[in-house]
Structures are given as structure tokens and as C-alpha cells.
Amino acid sequence: MIIQSNSAVIDARLVGQTWIEVSDNVIRSINSGAHPTPDQIIDGVLIPGFVDIHCHGGAGTYFSALTPGEIHSVIQTHRGHGTTSLFASLVTEPIEVLKAQIERLKPFVLSGQIAGIHLEGPYLSHARCGAHDPALLINPDLSEIKELLQLADGSIAMITIAPELPGASDAITHLTAAGVTVALGHTDGDFADAAAGTNAGGRVITHFMNAMDKGLNETSFASFVIADERLTVELILDGHHVPYKTAQEIYAAVGNRLIFVTDAMAAAGGTDGNYTIGSLPVIVKDGVARLESNGSLAGSTLTMDAIFRNSIQELGLSIPEAVAATSTRAAKLMGLTDRGEIAVGNRADLLSYNENTQSITLINS
């Protein structure tokens, strides 16, 4: 198949007329100019599919759902909004419940429908638990972690850990050696704790400026994150988790390390109403999800196409900068070497972004 576009993001640059040859869902060649007989003409900028490393649900349900049909509906909902590589995030549950959830998700990892599993808990700070049930939070236990990894058989891609917890450094070191990306988050730690977690192998910050010390003084967790180039930084770009003005300041400080994530809960792609996260009741009003008990933010209702638009409209990013933050960096962080940018040999995960209508369309190649 020959796909023709008026412009495309190639090698982190916006270029003019481009045609791409695709077969078996792989990009075979990239060419400048106009092809005389293209199979498909794209009305918009050709960009790579989105990569979301932090997503819990959508379509009214979660990745923790009991049936394959419900899990599939989450995947399809986000795919319909341009996410072609999706990591399934699970909230804190008792270990035996998490094991059952992992078992149900493993076939989706093996089939490539999801790129991996992210355990956002249970190794989190009680003081910064957010929408996680504090009664279920525990300290990292190496024997338990080894058991989870053995059960998952390579399907666990990332685990979030609060680095100040007893046993955290040993757990982070072991997970890193096992090829699991460790995120630091839901933490009440300070600068020294952030340093310890990073030195042990932590490489990404779970939803920066949420469920952590937001101060920027010399002893704060956030200050270490800003300063240390080893850390990739997640940001939920909805204007609620972090005000857009603050997001602009964060981008100015760590833009080349930033990854936008949805942290989507069940209402993503759906409507306002009553939901749950784990067993905790959640109310979604005007597209904002909050715990019924205390009003804390409880994930977002974002999809990645909305984030892409927000990054351009609210932060003033260029299209290549938006692509880097919604696709390229996430793929590189998670070792997905065959996607995240339009390149020969990569998967033909392609989207069309119309600058006039702000619409984003999945290209079936």
C-alpha cells in the first residue's frame, strides 16, 4: 500500500509531501514528493500512533475486568482515539487479586494487544495514596516480587514504587536487573529518597506533581526530578492534575524528558456518572474523576488524542514536539524499538492529524 500525505513528522521534523510504502503492517520505504498513483491520500499530517504507558481503563470498565470482552473494549476504546500501543495499569489490590488480574491480562500481552502490564501499587506511600485504598498498601517484599514476576512470565513491564519505603532499594535493583522499568511515585519522600530510588535503577516518575511533594526547594523530591537527567517524567495533561501554566513551566524545565499519559479510569471515552476505582467510589462530573470520600483526583477521563491537542493548544508545542511527548519517548523508555516514530522497518502505526479541524484519525494500512 502507498500512503500519500502533504506533510509528515519524520526524524523529529515536520517535512512536506511524503509518501510511504507499507506491507504486512511494516513501513518499507519513506519518500519525499508525490506518488503518481497512491492507494490512500491523507488529509492531514502523518504522525505515529500514540504510546500510553499509564492507562487503567475506559469504556466503562478497567483492565482489572473479569472477562476478555471487557478488557478488549478498553483496548478498542483507546485505539479509536489513536493509541496503538497501550500498557495496562492496575491499581492496588491484595496480592492474590493482583495475581488473578495478571493472569487474565497475560494473553493480551502475548497477542500484542497490550504492550505490557504496569503495577501502580501496592508498594506506595500511605501519605500519598491518592485513589489507592490505603488499607491495602504494603512495603516491597523481594520474595513476593519474584513470585509476581514468575507468574507474569515477562508480561509485567513497569512497577511504581515509593522509594522511601523499607525494602524499596533492593526491590528496585532486582526489578531493574530483571528488565522491568521502575517508576518512582505515590511517594512522601524527599530529595535524598528520590536520589536513592534513581541510583537503585528507577527511571521514570509516575504522574509528576501528583501524589508527591510539589515543592521546589533544595530538599524536595520534585527538585531532584527536575535536576536529574536520568529520569523520564510522566505528566497528565488535562489542566486539572496540573494547571496548564504549571505544565508549561514543567515543559520548559524537562521538556526533552517528558511523556504525556492518560492515567485513564473507566469513564475515559464515556460519560459522567458514578464509578469505582478498585473498591473506592468515584464521581465523574464535567469530565473530572474524584473520590467520593475526600474529593481527591481519581485518574483522568483523557484519551491520547485529547492530550495531543492539549499539548499544542494549551502548551504551544509544535507538532514534532507533541509527537515526541505522546509517542517517541514512551516507546524508547519501554524498549519498543519498532514503533514510536515513522521510520523504515517500524510498525505502520499511523495517524492523520488535521490542523484545521484538530481531528486525529487512525490509518488502516
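Everything below is about the structure shown above.
Residues numbered from 1 in each chain as written. Predicted model: local features only at pLDDT ≥ 70, side-chain atom pairs only at ≥ 80, totals over all residues. Heavy atoms only, no water.

### A few points about the packing of helix H1 (residues 68-79) against helix H2 (residues 95-110)
Threshold: Axis geometry follows a simple rule: fit a line to the C-alpha atoms, using only the stretch in contact for helices, then measure angles between N-to-C directions, giving values from 0 to 180 degrees. Under the DSSP-based scheme used, a helix requires at least four consecutive residues in state H or I and a strand at least two consecutive residues in state E, with every element numbered from the N terminus. Small angles under 35 degrees read as roughly parallel and large ones over 145 as roughly antiparallel, with 65 to 115 read as roughly perpendicular and the rest as oblique. What makes a crossing left-handed is the near helix being turned counterclockwise from the far one by less than a right angle; a clockwise turn instead makes it right-handed. Note on contacts: a residue pair qualifies if any of its non-hydrogen atoms lie within 4.5 Å across the two residues.
Orientation of H1 relative to H2, taken along the N-to-C sense of each, is 55°, at an axis distance of 11 Å. One way to sum up the angle between H1 and H2 is to call them oblique. Two packed elements cross with a definite hand, and for H1 against H2 that hand is right-handed. In this structure, H1 uses Pro 68, Ile 71, His 72 and Ile 75 to contact H2, whose residues at the interface are Arg 104, Leu 105 and Phe 108.

### Quick look at helix H3 (residues 142-152)
Each α-helix winds once per 3.6 residues, and so residues spaced three or four apart point in a common direction. Our working definition: For every residue, the accessible area (1.4 Å probe, protein chains only) is compared with the maximum for its type, and the residue is labelled buried under 20%, exposed over 50%, or partly exposed between those bounds. For this quantity, the arc is that covered by the directions from the helix axis to the C-beta atoms.
Residues of H3 that are buried: Glu 144, Ile 145, Leu 148, Leu 149 and Ala 152. Taken end-on, H3 shows its buried residues confined to a sector of 140°, consistent with a single buried face. Opposite its buried face, H3 presents the exposed residues Ser 143 and Gln 150, each directed more than 90 degrees away. In this structure, the buried side of H3 is in contact with H2, strand S10 (116-120), strand S11 (156-161) and helix H4 (168-177). Positive phi shows up at Asp 153, right after H3, with a value of about 55°.

### As for the environment of Ser 300
What counts is decided by this rule: The definition of a polar contact used here is a pair of N or O atoms within 3.5 Å, where within protein one atom must be able to donate a hydrogen and the other to accept one, and adjacent residues in sequence count solely through side-chain atom pairs.
With respect to the secondary-structure elements, Ser 300 resides in the loop between strand S18 (288-291) and helix H8 (304-313). C-alpha separation for the pair Ser 300 and Ser 223, spaced 77 residues apart in sequence, amounts to 25 Å. In this structure, Ser 300 is in contact with Ile 236, Asp 238, His 241, Thr 262, Asp 263, Ala 264 and Met 265, ignoring residues within four places of it in sequence. From its side chain, Ser 300 meets the backbone nitrogen of Leu 302 in a polar contact 3.0 Å long.

### A few points about unusual backbone geometry
Cis rather than trans, the peptide bond between Gly 121 and Pro 122 has omega equal to 20°. Take Pro 122: it is sitting in the loop between S10 and H3. In the Ramachandran plot, Asp 24 falls in the positive-phi region, its phi being about 50° despite a non-glycine side chain. Relative to the helices and strands, Asp 24 resides in the loop between strand S3 (18-23) and strand S4 (26-32). Note on Asp 24: relative accessible area 71%, which makes it exposed.

### Some points on the packing of aromatic side chains
Operational definition: Side-chain rings of Phe, Tyr and Trp, where Trp is taken by its six-membered ring, are said to pair if the distance between their centres is within 6.5 Å; with planes under 30 degrees apart they count as stacked, over 60 as edge-to-face, and otherwise as tilted.
Taken as a whole, this structure holds three aromatic pairs when the rule is applied. Plain terms: the ring middles of Phe 191 and Phe 224 are 5.1 Å apart, the flat faces sit at 85° to each other, and that makes the pair edge-to-face. Note that Phe 191 is positioned in helix H5 (residues 191-200) and Phe 224 in helix H6 (residues 221-227), a separation of 33 residues in sequence. Phe 191 sits in the partly exposed class, given a relative accessible area of 31%. Here the aromatic rings of Phe 308 and Tyr 353 are separated by 5.1 Å at their centres, their planes lie at 70°, and the arrangement is edge-to-face. Taken together, the positions of Phe 308 in helix H8 and Tyr 353 in strand S19 (residues 350-353) put the pair 45 residues apart, joining distant regions of the chain. Using a relative accessible area of 2% as the deciding quantity, one classes Tyr 353 as buried. The rings of Phe 50, Phe 308 and Tyr 353 are connected pair by pair, giving a single aromatic cluster.

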